[in-house]
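Residue-level listing of the chains:
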Amino acid sequence: MIGVLALQGNFDSHVKILEKINLNHKLVKDSKDLSSLSGLILPGGESTTISNLLRRNKNMIDEINLLASKKPILGSCAGLILMSKNSNDNRVHNFDFLDITTDRNAYGRQVYSFEAEINVKYGKISSNLNSLFIRAPKVNEIGRKVEILATYKNEIVAVKQGKHVGLSCHPELLDETLIHEICFKGKK
Amino acid sequence: MTKETFKVKVGLAEMLKGGVIMDVTNVEQAKIAEEAGAVSVMALERIPSDIRKDGGVARMSNPHMIKEIQDNVSIPVMAKCRIGHFAEAQILEALEVDFIDESEVLTMADEYSHVDKHPFKVPFVCGARNLGEALRRIHEGAALIRTKGEAGSGNIVEAVRHMKMITSQIVELKNADLLKKAEEFKVPLDLVEEVAKNQKLSVPNFAAGGIATPADASLMMQLGAETVFVGSGIFKSEDPSERAHAVVKAVTHFENAKDVLTASYDLKDAMKGILMSDIPEDQKFSNRGD
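The structure reproduced in this document is the subject of the present report.

The rules behind each value
Residues numbered from 1 in each chain as written. Chains lettered and ligands numbered in written order. Predicted model: local features only at pLDDT ≥ 70, side-chain atom pairs only at ≥ 80, totals over all residues. Heavy atoms only, no water. Helix = DSSP H or I, 4+ residues; strand = E, 2+ residues; numbered from the N terminus. Rg over C-alpha atoms; globule rule 2.2 N^0.38 Å. Buried < 20%, exposed > 50% of the residue type's maximum accessible area, 1.4 Å probe, protein only. Contact = heavy atoms within 4.5 Å. Disulfide = S-S within 2.5 Å. Pairing = 2+ DSSP bridges. Buried area = accessible area lost by both parts, 1.4 Å probe. Salt bridge = Lys/Arg side-chain N within 4 Å of Asp/Glu carboxyl O. Polar contact = N/O pair within 3.5 Å; in protein donor to acceptor, adjacent residues only side chain to side chain. Nonpolar A, V, L, I, M, F, W, Y, C, P; charged D, E, K, R; others polar. Axes fitted to C-alpha atoms, helices over the stretch in contact; angles between N-to-C directions.

Brief notes about the overall build of chain B
Looking only at helices and strands, chain B features 13 helices and eight strands. In terms of C-alpha radius of gyration, chain B reaches 18 Å, essentially the compact-globule figure of 19 Å for 290 residues. Referenced to the eigenvectors of the C-alpha coordinate spread, the extents of chain B come out at roughly 50 × 40 × 40 Å. When each of the 290 residues of chain B is scored for burial, the buried share is 60%. If you take every contact in chain B between residues at least 6 apart in sequence, the share linking residues at least 24 apart comes to 67%.

Now the structure itself:
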């Protein structure tokens, strides 16, 4: 059972992807929803909003930390910001699941949002994925244990560290399933 | 404009789901809204209930005031242009607002045409009372639909009417002559066919117009809204920050009455509100544009 954090954001498009790859799923809105999950998705949305809502439910932050010590977490866009070590903005909560620093809205406001193909290279996989960058963050620095999963124009747009995967864009909005399969099905 | 570019516009609407978009008139209110958990703010000089009271021509807000709000919050900032006023929309795009609301709350600039929204990079949200209106706006390029409701009334009755109307008209498409419907709605057949097949609009569908309490927000979410706009309801109440927090909580946990109860518990008085029968037909915002 994969949980999808549903405090706010595009949780429904992640649910569609999980359905497409035949993984059971449930929406997570409270700490009690987090027990006995085999993984968790932190969706896109507004990282300030999601952080505010998490900070009002301390148990939830503790439970997510506990889950992450055992099971894979996948974050997209706002989810990536939450998973990073540092985003230099005290309005957001950084779980520090990924040894990276991120810059919020690094491409600019919505008029600079765009669609692009990202290049995924992982194990035997070498594939181009359609993806939307919506007021997207950028990955600035990465630690030694962080693998680069995908790039766009020489910029890092997806990373993997241990079980966890984070990406700055939204392949799930264009029905792409590969990143979810890498994270939750061990596809290589 | 390619199909892909349109997806980028709808993409931001997807990110706003499960949230609350709040009307704010200055930086201080914008910060209260952001701190309370608003997913976006609508920057405008006068909130709808004051526009209604003051009368006169209501136009796009002062760009300087919008810019100040953009500089002080991290969440997306929306602003309103008059229906059909593409020059106001161009200015708002140049200002790099994240969403333009082509809004019936402002005085109409063109009684016959809405803005052709396709050439713009910035996404538009438009109000609708029924499916035909929603589809005409989507055909013109709107990336997000909201109910019109009756802004500034503090009365949820019109938003409920519009949401239920759109939902029931989508269900009716199942057994309808779609070509006739396309003619009736004055939109291309493929747009009607897509909605009939998917049984939902091709862009997200939010609620607006008269939401004043956590219960109102929960009601609209349970009726199928994917996010709510709260205009006068927050900053016309006696406890804006508490009410903003409460409405956010009610939207996140809309299906759990105990959570909506705790959100409602310690609030002071909501805005007073107006009966529809007390608003003359020619002063109803929702009658503007079709």
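Brief notes about the state of the cysteines
All names here are of chain A. If you walk through the whole model with that rule in mind, you get zero disulfides over all chains. Here cysteine 77 is not disulfide-linked; the sulfur of cysteine 169 is the nearest cysteine sulfur, at 8.4 Å. On the basis of relative accessibility, which here comes to 4%, the residue cysteine 77 falls in the buried class. Here cysteine 183 stays unpaired: no disulfide links it, and the sulfur of cysteine 169, its closest cysteine neighbor, is 14 Å away. Take cysteine 183: its relative accessible area is 8%, and that puts it in the buried class.

What about the pairing of strand β7 (residues 114–122) of chain A?
All names here are of chain A. Burial along β7 is one-sided: Phe114, Ala116, Ile118, Val120 and Tyr122 are buried, and none of Glu115, Glu117, Asn119 and Lys121, which face the opposite way, are. Of the strand pairs in this sheet, β7 and strand β8 (residues 125–133) are connected by nine bridges, and their pairing is antiparallel. In the strand pairing of β8, tyrosine 122 is matched with isoleucine 125. Two successive antiparallel strands, β7 and β8, enclose a turn made up of two residues, where glycine 123 displays a positive phi of approximately 55°. Across two bridges, the pairing between β7 and strand β10 (residues 147–152) is antiparallel. Each bridged residue has a counterpart across the sheet, and for asparagine 119 the counterpart in β10 is threonine 151.

Here's the deal with unusual backbone geometry
All names here are of chain A. The phi angle at asparagine 22 is positive, at roughly 55°, despite the residue not being glycine. Locating asparagine 22 in the fold gives a position in the loop between α1 (11–20) and β2 (25–28). The exposure class assigned to asparagine 22 is exposed, which follows from its relative accessible area of 68%. The residue asparagine 88 is not glycine, and still its phi comes out positive at about 50°. Structurally, asparagine 88 is set in the loop between β5 (84–86) and β6 (98–103).

Brief notes about the interface of chain B and chain A
Interface size is commonly expressed as the accessible area that is lost once the parts come together. Across the contact, 38 residues belong to chain B and 31 residues belong to chain A. Interface of chain B and chain A: buried area, both sides summed, is about 2700 Å²; carbon and sulfur atoms make up 53% of it. Applying the counting rule to chain B against chain A returns four salt bridges. Asp12(A) serves as the salt-bridge partner of Lys17(B), at 2.8 Å between the closest nitrogen and oxygen. Summed over the shared surface of chain B and chain A, the number is 21 residue pairs in polar contact (both at pLDDT 80 or more). Take the side of chain B that touches chain A: its biggest share by element is eight residues, from helix α1 (residues 3–15) of chain B. Looking at the side of chain B that touches chain A residue by residue, the classes come out as 14 nonpolar, ten polar and 14 charged.

Overview of the sheet that holds strand β3 (residues 39–42) of chain A
Residue and element names in this part refer to chain A. Read across the sheet, nine strands follow the order β2-β1-β3-β4-β12-β11-β10-β7-β8 without closing on themselves; strand pairing throughout is mixed. The open sheet has two edge strands, β2 and β8, and neither has a second partner. Each strand of the sheet is rotated relative to its neighbour by a mean of 20°, with strand direction disregarded.

Structural notes on the pattern of salt bridges
Residue and element names in this part refer to chain B. Summed over all chains, the structure comprises 35 salt bridges over all chains. A salt bridge links aspartate 290 to arginine 129; the nearest nitrogen and oxygen atoms lie 3.0 Å apart. Placement of aspartate 290 in the segment after α13 (257–264) and of arginine 129 in the loop between β5 (124–128) and α6 (131–140) is noted, with a sequence separation of 161 residues between them. Taking the relative accessible area as the measure of exposure, aspartate 290 reaches 45% and is therefore partly exposed.

A look at the sheet that holds β5(A)
Two orientations exist for strands paired in a sheet by backbone hydrogen bonds: parallel and antiparallel. Residue and element names in this part refer to chain A. With mixed pairing, three strands are arranged side by side in an open sheet as β5-β6-β9. Of all the strands in the sheet, just β5 and β9 (138–142) have a single pairing partner and so form its edges. Neighbouring strand axes in the sheet, compared pairwise and without regard to direction, differ in orientation by 55° on average. With four bridges connecting them, β6 and β9 associate as antiparallel partners. Bridge pairing in β9 places aspartate 103 opposite lysine 138.

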